[in-house]
Structures are given as structure tokens and as C-alpha cells.
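# Analysis of the macromolecular model
As a plain string of letters, each chain reads:
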Amino acid sequence: MKPLLRILALWRSRAGWLLAGAALSMAAVAAGVALMVQSGRAVGIAIVAGTLAAPFLLRALGALRVILRYAERLLTHAATFRALADLRVWFFRGLAKGSAGGLGFRRAGDVLSRLVNDVEALDGLYLRILIPLAGAVLLLPALGIFIGRTFPLLAAAVVVLFGIAAFVLPALAARQAKSAGSDLTRALSALRVAALDLLSGMKEVLAFGAEGRMLAQIQAREDALFAAQARVAKRSAWAAAAAFLCGQAALLAVLALAGAAPLGAIAATFLIVASFEVVAGLPRAGVLAGYAAASAERVLEAAQSPAPVADPPHPLALPRGFTLRFEAVGFRWQPDRPMVFDGLSLEIPERSRVAILGPSGAGKSTLAALALKVVAPQSGRVLLGGVDIAALSAADVRSRIGWLSQNTHLFDDTIRANLLLAAPAADEQALWAALDQAQIGAFVRTLPDGLDTWVGEKGLRFSGGQGRRLALARALLSPAPILILDEPCSGLDADTERAFLLTLNEVAKDRTVILIAHHLLGIERLDRVWRISGGRALAAAC
Amino acid sequence: MKNPEQNIAAWTRAQAKAVRKVALPAVAFGLASVAAATGQAWLMARVLARGLHADAGPLGVLLGGFGLLALLRAALGVAADNAAVSAGIAGRRRLRHQVLHRLLALGPALGRQRHSGELTAVLTDQVEAMEGLFARWVPAAMLAVMGPALVLLVAFWTDPWAGGTLLGAGLFVPVGMALSGIGAAVASRRQFVALARLQARFLDRVRGIATIVLAGRAEHEAEALAAAADELRRRTMRVLRVAFLSSSVLDLALAGALVVLALHYGAAALAGRGGVSLSTSLFALLLVPEFFAPLRAYAAAYQDRLHATGAAAALVNLPEPPQEASHAGPQPAIRTISAHGVSIAFENVHFAWDKTRGPVLNGLSFRVPAGETLILIGPSGAGKSTVIEMLLGFIRPDSGRVSLNGLDLFSIAPEARMRLMAWIGQQPMIFAGSLRENIRFARPEATDAEVAEAARAARVDAFAASLPRGLDTEVGEGGYGLSGGQAQRVAIARAFLKNAPVLLLDEPTAHLDPATEAEVLESLRRLAAGRTVILASHSAAAHAFPGRRLELHGGRALADAARGVA
């Protein structure tokens, strides 16, 4: 549960709100239980003593319960919203500082969405786990004191049973859920791999008539996932049943002793019914807590991983020139992986247009990652305008380099907002100029909302070619003098690729353009072509 | 026209309706548990009353009954939970099956519109997110009507006054919710949409975080995210102030019922009016929580429904499978074809991916006799890949005819057609699994010796020897990464193993460096021997492949285009 405590620690600044919500929730629980007890007592006293006990108290408790519940809901939700916003912003900042760049280069889109699911799993931490727990904390001593006045021994038994139902069983459920969580994660990722195999290998699957086999595999993995989930659910059902039986045992004990003090027994019965009802959901909350703990671990790890390339303590000023030079660069992503580059040297002069070619896996995108200071070379150096970029701040280096890749993300926002990401201060005219250069201006003018048209998630409202052109317009809008286009045409059909490359020939004439691709169509206008092979760059004929 | 939100709501309702039958056991167990609970309430009331009037019957029997019912309720609770899990499983299995078949019906063309990672998330995460809807919301919704109705019957039978009070409280819930909540419900639904949008925004910004960081805008986006969350909180709280009034209706009804019943029975006892015993009074009071329990469970399950609604958007927005009806005309009889010496012919074939962008194939005609090789050359976009996809049956001609040995391609049963062909594309898919399994993919019933032979023929064994576990090395997702040339050799080994009379090669060397390209072409030459081959390539090296050349231009054979043949 340590990771959950660390998440709670993040919410320190909201402690006032969160504690006030918990206190109000306790008061609401108290009013609810008191109402139930008082209604039983009222009837009992009327019969035994012949007086109607405190009808005003009964009405007041009824009203209080309704009002407190309302106030509790409002306050706990207000507190939750604040805490969740904090958590999201903290997570985003942490991710941006740490592994963000690397993730972008490693196509880890689904890893990121899984992390977002993890953050969302923490949403229920306060409302669905801590708040019910607060009620239980209040009721435990209340049960002991109230019942203890009439039945001291019975009170001890009830407190123990209540403790088991409210704390022990949920804690056990949490522990089991946490250890089963890794089984579930594994089963889910096995299913994911099978689904990904089918969806990205659709042509192979159809060409080899393997639909039936692939479907059977997906179904088998789905069944394995369901079986794992059913095991967890079964255990949590038993935990809930055990908690329920604790309450029933307490009731049975009271009923057995009812003859000794009938009035006290009526009150105790109603108290036990109401109290155990409050904590009936806790075993399930325990399961949620177990999952949340596992999520919290992953979230903390992702958000606190250090930046892969630390900035120098005293960065040099950015040079004016923007010739990009790789000198005897050696690099590998991980120590146990083969070298991507081994003595790579090449120079890309200012305002030149070059292509960098090579088969998949030769490290073309790694070249972009090195230039953008997403990773640092293990040997050799990268120079920008004659200065080693290790001596410059990453933000400065990136301000000089515009990056457009096959993965460049179009945000679920307006066209305007997507463009402004590259140049926040750009005016309307500049936006249209960039769109026109990317040859998408005419299309955007036909849209009823123009620049304020919503792009849709991942640019889905536009075709692949249009999306790539929007991304190009964004890259062109950035004032960066170097443009790195990392396989900008991958995933485009041949016509679109051709049209896009022809567009590219006409733009950014006063900047350096680095086109990374695995082959050329022969229509690109280039000053120089480099071919990456065996970890080095070879000059190729243009 | 329906707006997207209504579409999603309608879809969610339809999904819930479809699992209703599967959820029936969970509802039945739940209802039985409610019945047992009323029995327990009655026994409790008797025991407590017995303390004051020792006339209620033997204590042992009452306590024994109570204990037995407690065990029964515990068992019913477990059974209901398990049944709910089964309903959740059945619902998701059915939904995933539907989505899978839809994706398969869309075929490889889908890859043009959506990223496979995104579709994978739909098939896994989004379907999983529907669990709460199937497992909890559907049973809770049914039980929210039946459970209170059952308690109400018991209450009326015991004491019409108690029944009347509960009925009044029960009716007050929907009426009160309607009075306070009509506006609130609409507002809170809109609010939920806003919340879902904020979640989507967060996910979207996290997915594009590399773009944000490299543009130097991380801090700005973090602040924007905080501002958006803050704005949403303020708006949400304004709405919740009203929306929670409708939740308070339930609290008010429960508190009201308790207070009214307690005061009524207290007053009745004072007045000494006969007919209503202490045990009846206590029983009526104890029924109150049982009456409201299913309603509260329903309110709690609403969370699950909202969660499902959030996931539904991606499921609703899957593209529709192509309309088979657009390929007009009656389906000819399905035939099989002999697997030896297959000739291929295209006759005046037209095809367009997108009508607005003009045809890709524009009256293409050619013939490849059995056992010969045809090399399709021409610029990108000339229609080379389209020819191959058509032969694979992924797409159908808009007009014209494609035939094998004179038989219309689409009149041949798909399984028979696929048996005739082996295909190697630009970037062969390497599945998660061992190298051996990847080769065996082409023919699952092949023996180890046959797989080894295919690996040798394709020179897979040459690089497999250097891998940690040879042919049993795990490759693909999460495994050892293969280079482009190695992956292509695996594809060739698959084709050797399949040993089909027709070989379709779609830019098989496009991603390879020249040295690897030469090696792969050499393997392909051996594979091509004795088969009918169509090789599409714009690589100069591939053009040296032995065979007849056909240059495509603007969707027709260049010679035809030059002659002006339509």
C-alpha cells in the first residue's frame, strides 16, 4: 500500500478539502445510523414506557441525515475534482520531464494509454475507498460504547466482528487483488498481443487463410483473461459473504441475549443492521484498493523516471549558425542491445536539403533523437552551429529544430490550436501562409469553420494525407531553421506520398531540410543523400 | 438526425438489452436474497418482541431460522456475484466477437483509415470497460424494480399502513427525482460528456507528449490542462448542486419512511390501539432498509453505466463494413479449382479506392500463362499493389473480370482460392511466437521436417543459427527484433512451406538495402521456379528478375495506354 500513500502525499495541499469531506461524511453516517436506532427505540419505548420518546429528535435526525448526505456529496466531489486535477497535471509534468521524448520515438502510444488508464484507476481512491473507510473508523468505537452500556461482553464481540468485516477482510481482498493484478495484467497483455497480431497482420492472415486460427487464439486468450477475472471476483464475493456473515453473527448474538434487556436489544439490533450496511461495500473497495495500488506503482514509476539527458548546469548561449554535425558518434539504446551507430560522422550544412536513407532498423530515427537531445551519444559528439549540443540546453536545441514524423500527433483540438503549438504567437496570416505552403489551405478554406474546425482524435476526421499536411503546416510554422522529416510518408498510399513529396520540394527553401526515409521515389529535390549502413553514414550519389 | 450522444446512449441501451437474459440468474438470486432478508427481518422482530411479550414462540427455532437464512443469504450473495460475473463475461464475449468479425469484414482496407494500435485498444480496453454495464448495471436495474416490489407485497400483507407508507416513499422516489431532476438529469448528462471530454483531452495530450515536449510547450500544456480541469470543476459543481438534489430524494424517502413509521407505531402503542403488535411495528421498520437497498445498489451502479458510456464512443464509431450489395449482380456458384498450373487473366478491369480521386485501375487487361512470371513495373500509384490485392480477394473490381484458369476469381470458394496463392508483401508481419511457429503459420499441419526444409530453402537457417535458440527463438511483439531482410526470409520460408501454384510478390525488397535485396531476390528466384508469379516492384534490381515485363501507367498496361484501348 506504500504507493497509495505516496499518491496521498501528493494531495497534501488539498488536505483541508479532503479532511473536511471525510468529516462531513462521518457526520452523515452518524446521522443515518442514529436515525435507524432512534426509530427502533421510539417504538420500543412507546410500548414499554408508554411515552413517545423524543419525536422531535427523530424528525431532526431524519432531516439532518438528508442535509448532511447532500452536503457530503457536494464537498467530497469538490475535493475529488481538485485532487484529480492535481494528480493529472503532476503526472503530465513528470512524464514531460522524463521519458516523454523516448516514448515518442519508440511508438509507445498504447503504453501511454495504459498509463492513462492507471491514472484513471486512482480516481476512485478518495470517493470509493477512503470515504467509506472513514465511516467505518467512526462506527467501530461507536458500536463498542453504545452496545457496551447494556451488554459489555457482547460489545467486545460485535467490535471484533465489525473490525473483521470493515478492515481485515477488505485488507485481505486488497492484498489478493494486488497479487492477482499482475495475473490480470499479463492475461490482458496476452490478449492485446493476439489482437495486435491479427490487426496488423491482416493481409498475412487472410492470404494464408488463418482467420479461424487467429480468432481461436484470441478467444482462447480472452477465456484465460475471463478465467483470471472470475477467480478474483469469486474471492471477493467470498470476502463480501464473510463480511456479511460477521454482521449476521453479531445480530444473532444480540438476539440471543435480547431477553435480558429488551429495549437495549432493540436499539443494538437496529444499530448493528445500520452499521454493517455502511461497511457492506468495503470488501469490494478493498479489491479496488488492490488494483489502485498496482496502478499507483506504475504511475509513480512513469512520472518519476529521470530525464534521459540532463541539461548542463550552465548551458552555453545558442550559436547563430545551424550546421548540424555528427562526429564519430557511437550509440545504443540499451547496454545489452547492439550498437545502432558506431563511428557515425556526417555534416548537414545550413540551408541544405539532404536525405538520410537506410533499411528499417538502421537507426535513422535514432539520428533525429540524437539531434533533438532526446538521447545522448555514448561516444563522439553532435554539434549545432559548431557547439557541442551537450553544452546547450535541450529546450534551446529544440527551438532550432522542427520535427515531423510518421507519429507526429495531431491533437483533438481545432486546426488553429494544433498549428499554434509550433508558434504560439503566430497571427492569422502566418497560419494561412503555412497551410497554403503545405497545400492544405484551399481545403481548410472550404470548411465551414475554417481554422476553428475540430481536428478530431488523432486527426481522424481528415484523411491520412490531409493529416500529414496539417502536421507539415505546423512544422513549417515553427521558426526553427532545421526541419527533420522522419518518414513523413509512412502509411500513406502511393499517390498521396508522391503528392506530399512534391509539395515538400516547394517549401522551406531558406531552411535545412533533413528527409529520413527508407527509399526515395526519385522526385525529391535534394542536395545530398546519405545512406546509413552498419552503424555509419555513407555518402550516396544524388 | 441523431447526434452522437444519442447514438451512444441508444447503443448502450441496446447492449444492455442484449445481455438481459444472461443477467436473469443474477436477478433471481438477488430477488431470493431480498425474500430471505424479509424473512430475517420478521424473525428479528419476533425475537425482539419476545423480550417484552414472551409469546412469540420458542427462541431456539427463531434463532435457528435466522441463522439458516443468514447462511442462505450469504450463499445467494456469492451466487448472485458469480452470476453477475458470468453476465459480464457473456456480454463482453459477445461484443468482442461482433467487433472482431466487423474488423475482419473490413479487411486490410481498414489499415488505411485506422492505426492498428488504436483498433487493438478498441478490441481490448474498450470492450473490457463495458464490464460494469453488463455485470452490475443490468442486474441492478432489473432488481431496482422487482426487489422493492417484493418487499412492498410483504409489507402490505403484514400491515396495510406499513405497505402504504413504503408505497408512498417508493412512488416519491421517481416523482421527486423527476420534479427536482428533469433539468438536473439533462445537465448532468451534459456534464458527464464534458468530463469524458476532459479525460479524452488528457489521454490525447499524453499520447502526443513527445510532440509537445519537442515543441517546448510542456509547461504551457500542463497549465492549460490544469485550467481546463479547474474550469470543468467549477461548472460541474454548479450542476452537481442541482443534480445531487435528485440523489437526496432517495435519502429523503428513506428517512421519511422511517420517521413516519416510527411515529405512527409509537402513537399507536400509546393509544393502545389493538391489532398492531410490537413485532409488526419492528418488522415494518426493519423492512425499510431492505426496501431501499436495491434502489441504492442501482444508484451506485450508475457509475458503471457512465464508465461504459465513456468507452462506447470508440465502439460506436467503428467504420461500417463495405456494402457487398455494391458489387451488383447475383453471386455465381461457388466452385473449386485444380491446384496445378494456374493461369491468371485480367480483362478490362476498373477499380477506384475512392470515387472522388479517380480510378486506380482503368481498363487493365493482361494474361499470365501457367508457370510464367509477370513483372509489373511503373511509378508508385500506377496500380501495381492494387492488382495484387485484387488477386488476394481483398478488393473486387468495379467492372471487368479477373480469372484463374478461365474461372471468375470471385466464383471460387475463398478457401480454395487462398490455397492456390502465396503472398509476400513489403513488410511481412512477424507474429509474436517462435521463428518456427512463424514459418508454420503458412501450413499449421506441416511437420517439423517440412518446416526445417522451408527454413533451409529460404536461408532462414543461416541467420537462425546465430540466434540464441535457433528456430525456437521468440520473435515479434516483445520478442527478438528481426531485421527487414530476416523478416523477408521468414516470409519466403512461409511461401516455400505453403507450396502454392501462384506466387504474388508485392514490392518484396522495398525496405531492404542493396546487398540484402540481391540475396532475397536470389531466394525468390528459386521459389518462383515452376509457379505462376506476379512481381510488383519499382526497384531496378527486381527488374532483372527473369520474366515478362508489363509497365503500368495510369491504371492500364502502357502498351494499351499508348494504343488508346479503352
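Attention in this report is confined to the structure presented alongside it. Model, not experiment: these values are computed from the prediction.

About the criteria used
Residues numbered from 1 in each chain as written. Chains lettered and ligands numbered in written order. Predicted model: local features only at pLDDT ≥ 70, side-chain atom pairs only at ≥ 80, totals over all residues. Heavy atoms only, no water. Helix = DSSP H or I, 4+ residues; strand = E, 2+ residues; numbered from the N terminus. Buried < 20%, exposed > 50% of the residue type's maximum accessible area, 1.4 Å probe, protein only. Contact = heavy atoms within 4.5 Å. Areas by Shrake-Rupley, 256 points an atom, 1.4 Å probe, with all protein chains shown as cover. Pairing = 2+ DSSP bridges. Axes fitted to C-alpha atoms, helices over the stretch in contact; angles between N-to-C directions. Phe/Tyr/Trp six-rings, centres within 6.5 Å; stacked < 30°, edge-to-face > 60°. Salt bridge = Lys/Arg side-chain N within 4 Å of Asp/Glu carboxyl O. Polar contact = N/O pair within 3.5 Å; in protein donor to acceptor, adjacent residues only side chain to side chain. Nonpolar A, V, L, I, M, F, W, Y, C, P; charged D, E, K, R; others polar. Core = buried A, V, L, I, M, F, W, Y, C linked by side-chain atoms within 4.5 Å. Parallel < 35°, antiparallel > 145°, perpendicular 65-115°, else oblique. Left-handed = near helix turned anticlockwise from the far one by under 90°. Arc of directions from axis to C-beta. Patch = residues over 30% accessible without salt bridge, like charges linked within 9 Å, V, L, I, M, F, W, Y side chains within 5 Å.

The next subject is the overall build of chain B. Along its length, chain B carries 17 helices and 12 strands. For chain B, buried positions account for 54% of its 566 residues. Of all intrachain contacts in chain B linking residues separated by at least 6 positions in sequence, the fraction that spans at least 24 positions is 78%. As presented, chain B carries roughly 23500 Å² of accessible surface, and 59% of it is formed by carbon and sulfur atoms.

So, about the overall build of chain A. Counting secondary structure elements, chain A contains 18 helices and 10 strands. Per-residue burial over chain A gives 54% buried out of 542 residues. Here chain A has roughly 21500 Å² of accessible surface; of this, 60% comes from carbon and sulfur atoms.

Below, the discussion takes up the sheet that holds strand β11 (residues 548–553) of chain B. Residue and element names in this part refer to chain B. Taken in spatial order, the six strands of this open sheet run β6-β9-β10-β3-β11-β12, and their pairing is mixed. Of all the strands in the sheet, the pair left with one neighbour each is β6 (421–424) and β12 (556–557). Bridge count between β11 and β12: two bridges; the pairing is antiparallel. In the sheet register, Leu 552 faces β12, and the bridge partner there is Ala 557. Of the strands in this sheet, β6 and β9 (502–506) touch helix α15 (residues 484–498), which is tilted by about 175° from β6. Its contacts with the sheet put helix α16 (residues 514–528) on β6, β9 and β10 (532–536), and the angle it makes with β9 is roughly 155°.

In this section: the packing of aromatic side chains. Residues and elements named next belong to chain B. All told, the structure shown has seven aromatic pairs over all chains when counted by the stated rule. Consider the rings of Trp 137 and Tyr 298, whose centres lie 6.1 Å apart with planes at 35°: the pair is tilted. Of the two residues, Trp 137 sits in helix α5 (residues 131–158) while Tyr 298 sits in helix α9 (residues 278–316), which places them 161 residues apart along the sequence. For Trp 137, a relative accessible area of 11% gives the class buried. With relative accessibility at 29%, the residue Tyr 298 sits in the partly exposed group. Here Phe 291 and Phe 292 contribute two aromatic rings whose centre-to-centre distance is 5.1 Å and whose plane-to-plane angle is 85°, an arrangement assigned as edge-to-face. Among the residues examined, Phe 291 registers a relative accessible area of 3% and is labelled buried.

Here the focus is the sheet that holds strand β4 (residues 379–384) of chain A. All names here are of chain A. In spatial order, the strands read β2-β1-β4-β5; together these four strands make up an open sheet with antiparallel pairing. Of all strands in the sheet, those with a lone pairing partner are β2 (341–348) and β5 (387–388), marking the two edges. By the bridge criterion, two bridges tie β4 to β5 in an arrangement that is antiparallel. The residue bridging Leu 383 from the neighbouring strand is Asp 388, located in β5. Contacts from helix α12 (residues 364–371) reach β1 (324–331) and β2 within the one sheet, and its direction differs from that of β1 by about 115°.

Take the interface of chain A and chain B next. Facing 127 residues of chain A, the contacting portion of chain B comprises 126 residues. On inspection of chain A and its partner chain B, the count reaches 10 salt bridges. The partner of Arg69(A) in a salt bridge is Asp251(B), with the nearest N and O atoms 3.8 Å apart. At the junction of chain A with chain B, the criterion picks out 18 residue pairs in polar contact (both at pLDDT 80 or more). It is helix α9 (residues 211–256) of chain A that provides the largest number of residues to the side of chain A that touches chain B, a total of 24 residues. Its residues assigned to classes, the side of chain A that touches chain B comprises 72 nonpolar, 24 polar and 31 charged.

Residues and elements named next belong to chain A. Residue placement: Pro 479 occurs in the loop between α17 (464–477) and β7 (482–486). Looking at Pro 479, the relative accessible area reads 69%, which means it is exposed. Sequence spacing of Pro 479 and Arg 400 is 79 residues, and the spatial spacing of their C-alpha atoms is 7.6 Å.

On to the pairing of strand β4 (residues 399–404) of chain B, then. Residue and element names in this part refer to chain B. Pairing between strand β1 (residues 344–351) and β4: five bridges, direction antiparallel. Across the sheet, the residue bridging to Glu 347 is Arg 401, located in β4. As paired elements, β4 and strand β5 (residues 407–408) share two bridges and run antiparallel to each other. Across the sheet, Ser 403 pairs through a bridge with Asp 408, a residue of β5. Connecting β4 to the antiparallel partner β5 that follows it, the hairpin turn spans two residues, and Asn 405 within it adopts a positive phi of roughly 45°.

With that out of the way, let us pick up the nonpolar core. Counting 139 residues, the largest nonpolar core has Phe346(B), Leu435(B), Ile439(B), Val460(B) and Ile534(B) as the members making the most contacts within it. Of the residues forming this core, the biggest block, 10 residues, is contributed by helix α7 (residues 152–200) of chain A. Those residues within four positions of Phe346(B) in sequence are excluded, and the remaining contacts are Leu361(B), Leu364(B), Ser365(B), Phe366(B), Val387(B), Met390(B), Leu391(B), Arg401(B) and Val402(B).

What follows concerns the pattern of salt bridges. Applying the stated criterion across every chain, the model contains 42 salt bridges over all chains. A salt bridge links Glu506(A) to Lys509(A), with the nearest nitrogen and oxygen atoms 3.4 Å apart. Residue class for Glu506(A) comes out partly exposed when judged on its relative accessible area of 43%. Note on Lys509(A): relative accessible area 54%, which makes it exposed. With its nearest N and O atoms 3.4 Å apart, the salt bridge here joins Arg443(B) to Glu450(B). The class of Glu450(B) is partly exposed, set by a relative accessible area of 34%.

All names here are of chain A. The contact between α7 and helix α10 (residues 262–279) brings their axes to 10 Å, and the two run at 20°. For the element pair α7 / α10, the angle class is roughly parallel. Between α7 and α10 lies a crossing whose hand is right-handed. Residues Val 158, Leu 161, Phe 162, Ala 165 and Ala 166 of α7 form the contact with α10, whose own contacting residues are Ile 272, Ser 275, Phe 276 and Val 279. Residues that form the contact of α7 with α10 fall into these classes: eight nonpolar, one polar and no charged.

Turning to unusual backbone geometry, a few remarks are in order. Residues and elements named next belong to chain B. The phi dihedral of Arg 459 falls on the positive side, at around 65°, and the residue is not glycine. Its location among the elements puts Arg 459 in the loop between α13 (448–457) and α14 (460–464). Backbone geometry at Glu 507 places phi at a positive 50°, although glycine is not the residue there. Its relative accessible area of 6% is what places Glu 507 among the buried residues.

So, on to helix α15 (residues 428–437) of chain A. Residue and element names in this part refer to chain A. For α15, the set of buried residues is Leu 431, Trp 432, Ala 434 and Leu 435. One face of α15 carries all of its buried residues, which in axial projection span an arc of 160°. One or two steps after α15, the chain reaches Gln 439, where phi turns positive at roughly 60°.

Let us now look at the environment of Gly94(A). Residues and elements named next belong to chain A. Of note, Gly 94 is situated in helix α3 (residues 55–97). Note on Gly 94: relative accessible area 9%, which makes it buried. Sequence separation of Gly 94 and Ser 305 is 211 residues, and the distance between their C-alpha atoms is 7.8 Å.

This next bit is on the side chain of Ser537(B). Along the polypeptide, Ser537(B) turns up in the loop between β10 and β11. Beyond its immediate stretch of four places on either side in the chain, Ser537(B) contacts Leu376(B), Ile377(B), Lys384(B), Glu507(B), Ala542(B) and His543(B).

So, on to a nonpolar patch on the surface. Residues and elements named next belong to chain A. Together, Val 160, Ile 164, Val 168 and Leu 172 line one region of the surface with nonpolar side chains, adding up to about 310 Å² of accessible area. For Leu 172, the location among the structural elements is in helix α7. Its relative accessible area of 45% is what places Leu 172 among the partly exposed residues.

This part covers the environment of Arg73(A). Summarising the element assignment, Arg73(A) is placed in helix α3. By relative accessible area, Arg73(A) is classed as buried at 14%. Spatially, the C-alpha atom of Arg73(A) lies 9.0 Å from that of Leu24(A), the residues being 49 residues apart in sequence. Setting aside its immediate chain neighbours within four residues, Arg73(A) contacts Phe244(B), Ser247(B), Ser248(B) and Asp251(B). Separated by 3.3 Å, the side chains of Arg73(A) and Asp251(B) make a polar contact.

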